[in-house]
2 protein chains.
Amino acid sequence: MSEKRLEFSLSTDLPEATGFHPPNRRPTVPVLANEDGSLIGDASAIVEFLEATVPDPPLIPGEAMEQAEVRRLTSWFNSTFHREVSGPIIFERIDKRVFRLGEPDMAHIRAALEALGDHLDFIGFLAERRRWLAGEELSTADLAAASHISCLDYVGDIPWHRFGRTQEWYVRIKSRPSFRALLADHVPGIQPPRHYANLDF
Amino acid sequence: MSEKRLEFSLSTDLPEATGFHPPNRRPTVPVLANEDGSLIGDASAIVEFLEATVPDPPLIPGEAMEQAEVRRLTSWFNSTFHREVSGPIIFERIDKRVFRLGEPDMAHIRAALEALGDHLDFIGFLAERRRWLAGEELSTADLAAASHISCLDYVGDIPWHRFGRTQEWYVRIKSRPSFRALLADHVPGIQPPRHYANLDF
């Protein structure tokens, strides 16, 4: 939304929405609450809604085939990368501490870190061939990848020295005004490494 | 693709595609291979591509807000429903048998069946208020929900007698020509219940 220069406020109070989900289910976040009271759930549905209603600047740019590549990679990071890497690491290192769920399971963390290397290589592979991950323009693929990576970087799990090309791409994302604000967020009780919010790392 | 009256053939031979995924990763299915050799991965990217290039009939119909509801519910069935219900049941009842991975874990199946009831209620709740799940027109939300449910029905896990409204909606989906062909598919060695492919059940 910052990339589209939209004004918004963030809240952890979820709106009441009977029938929005089955009973007994936690709402899926994020939810976009429009000024008219209407709600949109699901990150990809929100992005597509914003693309349709606020097309400039596009975050799913190009013709149908280029857009397919943006959506494919966005799903890749939000599904596969999350399932293999960022989901388990955030659960083990952050959720367990914040919600007092016991000690991290080092076997789970090791498996996720092993998968991480392949994904960082893949990002470098893409960034070497294209200006941004899905093509010549910034897209939701870059924002999705960077949001997962910033969580891992916050807990010190990105071995940047082994992934120079990926680091160059990430420096470009970090320098965008929309991303600077995110880097100021802190998890109470967990300090990020010094380089976390620095552009020069 | 049948709903859009597109000709296609199905294949389990995945195309070679260096750089499409990170190394060491199984390709995510489905992949759409176009006649010009171009590939599109990820189910939602394929659907959006088909919507953009073959808009009639629409499967994400309506204006931006109606489309958001289609996409939200489609994601709900492909993510939450799959994670809680159809993923574990298919793994326990089908994958384990086909790939000889041992006996099904009845605790996992019981947890999934318990979640299933809430979801079938939710589908009935939607189908009572709208002609189709996301609104007045058939959409990918119906196709996604029905595809997961048909897998569960194949292994006899849908207690239809308790979910009359959901059953009425499912009869309408089953009667569509695009769906009839799917109901003829069989998993070798696993027989579906008699009602599985019948409209009158």
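Look a little higher up for the structure.
What you see is a predicted model; the values in this text were computed from it and never measured.

K.L.:
Mind laying out the relation of the copies chain A and chain B, listing which residues take part and the relevant values?
P.N.:
Mapping chain A onto chain B leaves a residual RMSD of 0.0 Å; the transformation is a rotation of 180 degrees accompanied by 0.0 Å of translation along its axis. The transformation just described matches what one would write down for a two-fold rotation axis.

K.L.:
Hey, could you go over helix 4 (residues 140-154) of chain A for me, with residue numbers and the actual values?
P.N.:
Residues and elements named next belong to chain A. For helix 4, built from 15 residues, the straight-helix expectation of 21 Å at 1.5 Å per residue is met to within 8% by its first-to-last C-alpha distance of 21 Å. Counting buried positions over the 15 residues of helix 4 gives 12, a clear majority of the element. Those residues of helix 4 that sit buried are Thr140, Ala141, Asp142, Ala144, Ala145, Ala146, His148, Ile149, Ser150, Leu152, Asp153 and Tyr154. Where helix 4 is buried, its residues meet helix 1 (43-53), helix 2 (64-98), helix 3 (106-129), helix 5 (164-174) and helix 6 (177-183). The N-cap of helix 4, judged by a side-chain oxygen 3.1 Å from the amide nitrogen of alanine 141 a few residues on, is serine 139. At the exit of helix 4 stands glycine 156, carrying a positive phi of roughly 75 degrees.

K.L.:
How would you sum up the environment of B:Asp153? Please name residues and give values.
P.N.:
Residue and element names in this part refer to chain B. Within the fold, aspartate 153 resides in helix 4 (residues 140-154). Distance in space between the C-alpha atoms of aspartate 153 and tyrosine 196 is 6.4 Å, their sequence separation being 43 residues. If we skip the residues at most four places from it in the chain, aspartate 153 touches Ile158, Trp160, Tyr170, Lys174, Pro193, His195 and Tyr196. A distance of 3.0 Å separates polar atoms of two side chains, one belonging to aspartate 153 and the other to tryptophan 160.

K.L.:
Got a sec to walk through the packing of aromatic side chains? Specific residues and values, please.
P.N.:
Per the counting criterion, the structure on display carries 12 aromatic pairs over all chains. Ring geometry for B:Trp76 versus B:Phe122: centroids 6.2 Å apart, planes at 65 degrees, classification edge-to-face. Within this pair, whereas B:Trp76 is found in helix 2 (residues 64-98), its partner B:Phe122 is found in helix 3 (residues 106-129), the two being separated by 46 residues in sequence. Like B:Phe122, B:Trp76 is buried. Ring plane angle 85 degrees and centroid distance 5.1 Å describe the contact between B:Tyr154 and B:Tyr196, whose orientation is recorded as edge-to-face. Pair noted here: B:Tyr154 is in helix 4 and B:Tyr196 is in the segment after helix 6 (177-183), with a separation of 42 residues, a long-range link. Exposure remark for B:Tyr154: the relative accessible area of 5% places this residue in the buried category. These aromatic residues form a ring-pair network of at least three members: A:Trp160, A:Trp169, A:Tyr170 and A:Phe179. Sitting over the face of the ring of A:Trp132, A:Arg172 holds its NZ or CZ atom 4.5 Å from the ring centroid.

Cut-offs used in this document
- As a convention, each chain's residues are numbered from 1 in the sequence order in which they are written.
- Labels are handed out in written order, letters beginning with A for the chains and numbers beginning with 1 for the ligands.
- pLDDT decides what is reported in this predicted model: residues at 70 or higher carry local features, side-chain atom pairs at 80 or more are listed and counted, and totals for whole chains, interfaces and linings draw on all residues regardless.
- With hydrogens and water set aside, each side-chain value is computed from the structure's full complement of heavy atoms.
- Alignment of copies: least-squares fit on C-alpha atoms of residues with pLDDT of at least 70 in both copies.
- Comment: elements are numbered from the N terminus, with helices defined as DSSP H or I runs of at least four residues and strands as E runs of at least two.
- Here, expected helix span is obtained from the residue count minus one, scaled by 1.5 Å.
- Buried, partly exposed and exposed residues are distinguished by accessible area as a fraction of the type maximum, computed with a 1.4 Å probe on protein chains only: under 20%, between the cut-offs, and over 50%, respectively.
- By definition in these notes, contact holds between two residues if any of their heavy atoms fall within 4.5 Å.
- We define a polar contact as two N or O atoms separated by no more than 3.5 Å, with the added condition that, inside protein, one atom must be a possible hydrogen donor and the other a possible acceptor, whereas residues neighbouring each other in sequence contribute only through side-chain atom pairs.
- Side-chain rings of Phe, Tyr and Trp, where Trp is taken by its six-membered ring, are said to pair if the distance between their centres is within 6.5 Å; with planes under 30 degrees apart they count as stacked, over 60 as edge-to-face, and otherwise as tilted.
- Two limits define a charge over a ring: the Lys NZ or Arg CZ must be within 6 Å of the ring centre, and within 35 degrees of the ring normal.

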